[in-house]
Amino acid sequence: MLELNKVICGNALEVLKSMPDEVVDCIITSPPYYRKRRYGNDAVLVWDGDKDCEHDWDEQNFCKKCGAWRGELGLEPSPQLYVQHLLQITAELKRVLKKTGTFFLNISDTYSQVSKDGMRQKSMMLVPERLLLGLYEQGWYIRNKIVWIKPNAMPESVKNRFSNRYEFIYFLTKSKHYYFDLDSVRLLQRNKIDVKSLTLLQVTPTNSPQRRDKPSEHDDVSDKARELNASKFLTATMQ
């Protein structure tokens, strides 16, 4: 059994391998995002390959003899290798998690800076999606994609796309049947939208004909609803 209320410091993969099977009730983690930051020499590890090899490293930190890679998790030369390393960790997480346990994973995406490794420059790399497919193949049940809205998110100096002011938290389980107490996190009273507080904003491009969406003659809607339906842009004050 694990000792309660104890902080364990160490490499996640090595620490997990030292733990017995099915001893953890809940896992909440946010691994280093792909190509986001450097954590220093203490975070450099040797991944894969032959542990007994006398490595001969090339310019990309791959061993010429056994194919091992040396570097920080998150700084791999390709998103595929990054996901491969994450799946090694999640395999151990799955082993130590109880059958009734739950797993919450916070991970975000990265934009490609250079055209290589099959990625178009300026495109999202779809790292979370790649990882989720791997987790599914690993046997996890993917239960939810929770949107974490960040009102005070760091500004982004971009002018040709929208700023990302949210992240995803993925809720996964090891089994079909698991412990989940919805009542403990249920909102007792939801915020309500006062229809009277809705402000209509009709945006019409210059020198273009105005357009009004007409509901079907079979739609049973009020005059107010028809008026709201005519506008594509609404602002609302939450009460």
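One structure accompanies this document, and this report is about it. Here the structure is a predicted model, which means the values were calculated and not measured. (Residues numbered from 1 in each chain as written. Predicted model: local features only at pLDDT ≥ 70, side-chain atom pairs only at ≥ 80, totals over all residues. Heavy atoms only, no water.)

A word on the overall build of the protein chain. Across its full length, the protein chain holds 4 helices and 8 strands. Across the protein chain, helices and strands are ordered from the amino to the carboxyl terminus as α-β-β-β-α-β-α-β-β-β-α-β. Here the protein chain, with 239 residues, has 28% of them falling under the buried criterion. Taking the intrachain contacts of the protein chain between residues at least 6 apart in sequence as the baseline, contacts between residues at least 24 apart amount to 65%. A total accessible area of about 17,600 Å² is found for the protein chain, and carbon and sulfur atoms account for 52% of it. (Helix = DSSP H or I, 4+ residues; strand = E, 2+ residues; numbered from the N terminus. Buried < 20%, exposed > 50% of the residue type's maximum accessible area, 1.4 Å probe, protein only. Contact = heavy atoms within 4.5 Å. Areas by Shrake-Rupley, 256 points an atom, 1.4 Å probe, with all protein chains shown as cover.)

Scanning all chains against the criterion turns up 8 aromatic pairs. On the basis of an interplanar angle of 85° and a centroid distance of 6.0 Å, the ring pair of Phe-171 and Tyr-178 is categorised as edge-to-face. According to the relative accessible area criterion, Phe-171 is buried, its value standing at 2%. Judged by centre distance (5.4 Å) and plane angle (25°), the rings of Phe-171 and Phe-180 are stacked. Every member of this aromatic cluster is reached through a ring pair, and the members are Phe-104, Phe-171, Tyr-178 and Phe-180. It is Lys-145 that lies over the ring of Phe-168; its NZ or CZ is 4.9 Å from the centre. (Phe/Tyr/Trp six-rings, centres within 6.5 Å; stacked < 30°, edge-to-face > 60°. Lys NZ or Arg CZ within 6 Å of the ring centre and 35° of its normal.)

For the structure shown, the criterion picks out 9 salt bridges. For the salt bridge of Glu-92 with Arg-95, the shortest nitrogen-to-oxygen distance reads 2.9 Å. A residue pair is termed a helical-turn pair when its members lie 3 or 4 positions apart in one helix, as Glu-92 and Arg-95 do in helix α2 (residues 79–96) at 3 residues. Relative accessible area serves as the criterion here: at 15%, Glu-92 is assigned to the buried category. (Salt bridge = Lys/Arg side-chain N within 4 Å of Asp/Glu carboxyl O.)

Quick look at α2 now. Here α2 is 18 residues long and its end C-alpha atoms lie 26 Å apart, about the 26 Å a rise of 1.5 Å per residue gives. Within the sequence span of α2, burial applies to Pro-79, Leu-81, Tyr-82, Val-83, His-85, Leu-86, Leu-87, Ile-89, Thr-90, Glu-92, Leu-93 and Val-96. Buried positions along α2 lie against α1 (12–17), β1 (24–29), β2 (44–47), β3 (69–72), β4 (97–107) and α3 (127–137). (Expected span 1.5 Å × (residues − 1).)

Turning our eyes to something else, we now look at the layout of surface pockets. Considered as a void within the structure, the largest pocket measures approximately 1,100 Å³ in volume. Around the largest pocket sit 39 residues that line it, and Gly-10, Asn-11, Ala-12, Val-15 and Leu-16 are the ones nearest its centre. Contributing elements (two or more residues each) for the lining of the largest pocket: α1, β1, β2, α2 and β4. For the lining of the largest pocket, a count of residues per class yields 29 nonpolar, 6 polar and 4 charged. Here the second largest pocket is characterised by a volume of approximately 650 Å³. Considering the residues around the second largest pocket, the lining is formed by 24 residues, among which Lys-36, Ser-108, Asp-109, Glu-156 and Asn-164 are closest to the centre. Broken down by secondary-structure element, the contributors of at least two residues to the lining of the second largest pocket are α3 and β6 (166–173). The element that contributes the greatest number of residues to the lining of the second largest pocket is β6, accounting for 4 residues. Residues belonging to the lining of the second largest pocket are distributed by class as follows: 13 nonpolar, 3 polar and 8 charged. (1 Å grid on protein atoms, 1.4 Å probe; cavity = no way out; pocket = protein on both sides within 12 Å on 5 of 7 lines; lining within 4 Å. Points joined across faces, edges and corners; volume = space filled by probe spheres on them. Nonpolar A, V, L, I, M, F, W, Y, C, P; charged D, E, K, R; others polar.)

This brings us to the sheet that holds β6. In spatial order, the strands read β1-β4-β6-β5; together these 4 strands make up an open sheet with mixed pairing. Sheet topology places β1 and β5 (141–149) at the edges, where each strand pairs with a single neighbour. Across the sheet, the mean angle from the axis of one strand to that of its neighbour is 15°, orientation sign disregarded. (Pairing = 2+ DSSP bridges. Axes fitted to C-alpha atoms, helices over the stretch in contact; angles between N-to-C directions.)

Contact geometry for α2 and α3: axes closest at 10 Å, N-to-C directions at 45°. Viewed along their axes, α2 and α3 adopt a mutual orientation that is oblique. Crossing geometry of α2 relative to α3 is assigned as right-handed. For the pair formed by α2 and α3, the contact residues are Pro-79, Gln-80, Tyr-82, Val-83, Leu-86, Leu-87 and Thr-90 on the first element and Val-127, Arg-130, Leu-131, Gly-134 and Leu-135 on the second. Class assignment for the residues of the contact of α2 with α3 results in 8 nonpolar, 3 polar and 1 charged. (Parallel < 35°, antiparallel > 145°, perpendicular 65-115°, else oblique. Left-handed = near helix turned anticlockwise from the far one by under 90°.)

Scanning the entire structure with this criterion turns up 0 disulfides. Cys-63 provides the cysteine sulfur closest to Cys-53, a residue in no disulfide bond, and the two sulfurs are 3.8 Å apart. (Disulfide = S-S within 2.5 Å.)

So yeah, pure geometry; function would need other evidence.
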